[in-house]
Amino acid sequence: MTNPANIDETRIKTLFKEALVEVIEDNQELVSSILIDALEDIGLSRAIEEGEKSKTVSRDEIFKVLSGE
């Protein structure tokens, strides 16, 4: 015998997935913007972590590189 709770849970999951797909389709620009922001944050976080592991350089050295010297 099928458990009515399982049927309800399955139906709820299906409805939720359909609603989520509809929201994403209707708001593609917003979803895209959110994903881009998240990826930028991840990249910045990784860059900070790498920077914390590298040796320290002086301010003058940084400006020499930026000015092309």
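Provided above is the structure to which this section pertains.
Here's a quick rundown of the structure. Every value quoted in this text rests on a predicted model; they were computed, and no experiment measured them.

With that settled, the discussion passes to the overall build of the protein chain. Each helix and strand in the protein chain was counted, giving three helices and zero strands. The secondary structure elements of the protein chain, listed N-terminal to C-terminal, are α-α-α. Its C-alpha atoms give the protein chain a radius of gyration of 24 Å, more than 25% over the compact-globule value 11 Å for 69 residues. For the protein chain, the C-alpha atoms occupy an extent of roughly 75 × 30 × 10 Å along the three principal directions. The buried share of the protein chain, taken over its 69 residues, is 0%. Surface accessibility of the protein chain: about 6700 Å² in total, with carbon and sulfur atoms responsible for 58%. Of the charged side chains in the protein chain, 8 are positive and 16 negative; the average position of the first set lies 8 Å away from that of the second.

Quick look at the environment of Val23 now. Looking at the secondary structure, you find Val23 in helix H1 (residues 4-26). Given the relative accessible area of 46%, Val23 is considered partly exposed. In this structure, the C-alpha to C-alpha distance between Val23 and Glu9, residues 14 residues apart in sequence, is 21 Å.

A contiguous nonpolar surface patch, about 390 Å² in accessible area, is contributed by Val57, Ile62, Phe63 and Leu66. With respect to the helices and strands, Val57 occurs in the loop between helix H2 (28-53) and helix H3 (59-67).

Under the criterion given, the structure shown has one salt bridge. For the salt bridge of Lys13 with Glu9, the shortest nitrogen-to-oxygen distance reads 3.5 Å. Residue Lys13 and its partner Glu9 are both found in helix H1; the two are separated by four residues, about one turn of the helix. Under the relative-accessibility criterion, Lys13 is labelled partly exposed at 46%.

Rules behind the numbers
- Residues numbered from 1 in each chain as written.
- Predicted model: local features only at pLDDT ≥ 70, side-chain atom pairs only at ≥ 80, totals over all residues.
- Heavy atoms only, no water.
- Helix = DSSP H or I, 4+ residues; strand = E, 2+ residues; numbered from the N terminus.
- Rg over C-alpha atoms; globule rule 2.2 N^0.38 Å.
- Buried < 20%, exposed > 50% of the residue type's maximum accessible area, 1.4 Å probe, protein only.
- Areas by Shrake-Rupley, 256 points an atom, 1.4 Å probe, with all protein chains shown as cover.
- Lys, Arg positive; Asp, Glu negative; His and termini not counted.
- Charge placed at Lys NZ, Arg CZ, Asp CG, Glu CD.
- Patch = residues over 30% accessible without salt bridge, like charges linked within 9 Å, V, L, I, M, F, W, Y side chains within 5 Å.
- Salt bridge = Lys/Arg side-chain N within 4 Å of Asp/Glu carboxyl O.

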